Structures are given as structure tokens and as C-alpha cells.
Amino acid sequence: MDNGEKSFEELLAQIESIVTEMESKKLPLDKQLASFEEGTALIRKCHSILKNAEGRVEQLSRQDVNASLTEAPASDYGLEN
């Protein structure tokens, strides 16, 4: 990404790495808590990215529908007089 932030895929890979580490190693409680905290922060970032993408898809879908309605002849919709 051009603003220095990690991509969704990079964040997801980091979450998977944290989960794998937490599952495979016997970490002390403080390390487990720190890893959990880091993972939840990454999940929040992923959720934010997904919500933004969803909004963009909805906006583009509305634009496509509006363009179709204004560009298609009325006969395409059975609206002939």
C-alpha cells in the first residue's frame, strides 16, 4: 500500500503467524496476553479494511445500477407506451 500501511493479506498472514505461535508453543502468560492483544488489534484493522471495501463495492454497485437505468432504452424494461 502506498501510505506505508500493511495490506489486508499481510495483516492476515501476521494474525495467522500469531495464532500458530500461540498454539504451538508453551508461552508464559504475559507473552500469551501480549500476542492476544496484538492479534486483536490486527483483527480490528482487517475488519476496518473489509468495511471500507464493502462500502466501495456498494457505491460502485449503485453507480452501475444508476448508469444502467439511464443508459438502457425504456423498452428494455417493458416500459414502452
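Because the structure is a prediction, the values reported are computed rather than measured. (Residues numbered from 1 in each chain as written. Predicted model: local features only at pLDDT ≥ 70, side-chain atom pairs only at ≥ 80, totals over all residues. Heavy atoms only, no water.)

**Notes on the overall build of the chain**
Across its full length, the chain holds two helices and zero strands. A buried classification covers 11% of the 81 residues belonging to the chain. Pairs at least 24 apart in sequence give 52% of the contacts found in the chain among residues at least 6 apart. Summed over all atoms, the accessible surface of the chain reaches about 6,800 Å², with 54% contributed by carbon and sulfur. (Helix = DSSP H or I, 4+ residues; strand = E, 2+ residues; numbered from the N terminus. Buried < 20%, exposed > 50% of the residue type's maximum accessible area, 1.4 Å probe, protein only. Contact = heavy atoms within 4.5 Å. Areas by Shrake-Rupley, 256 points an atom, 1.4 Å probe, with all protein chains shown as cover.)

**What about the nonpolar core?**
Counting residues in each nonpolar core, the largest one holds five residues, listed as L11, I15, I18, L42 and C46. Contributing elements (two or more residues each) for this core: α1 (8-24) and α2 (29-71). Here the element with the most residues in this core is α1; it accounts for three residues. (Core = buried A, V, L, I, M, F, W, Y, C linked by side-chain atoms within 4.5 Å.)

**Section: the pattern of salt bridges**
Summed over the entire model, instances satisfying the criterion amount to one salt bridge. E54 is the salt-bridge partner of K51, the closest N and O atoms lying 3.5 Å from each other. Separated by three residues within a single helix, K51 and E54 lie in helix α2, roughly one turn from each other. A residue is classified by how much of its surface remains accessible, and K51, at 45% relative accessible area, is partly exposed. Take E54: its relative accessible area is 38%, and that puts it in the partly exposed class. (Salt bridge = Lys/Arg side-chain N within 4 Å of Asp/Glu carboxyl O.)

**Quick word on α1**
Spanning 17 residues, α1 covers 24 Å between terminal C-alpha atoms, matching the ideal 24 Å at 1.5 Å per step. All of the buried residues in α1 are L11, I15 and I18. In an axial view of α1, the angular spread of the buried residues amounts to 60°, which keeps them on one side of the axis. For α1, the exposed residues lying more than 90 degrees away from the buried face are E9, E23 and S24. (Expected span 1.5 Å × (residues − 1). Arc of directions from axis to C-beta.)

**Describing the side chain of S35**
For S35, the position within the fold is in helix α2. Here S35 falls in the buried class, since its relative accessible area comes to 1%. Setting aside residues no more than four positions away along its own chain, S35 makes contact with I18, E21 and M22.

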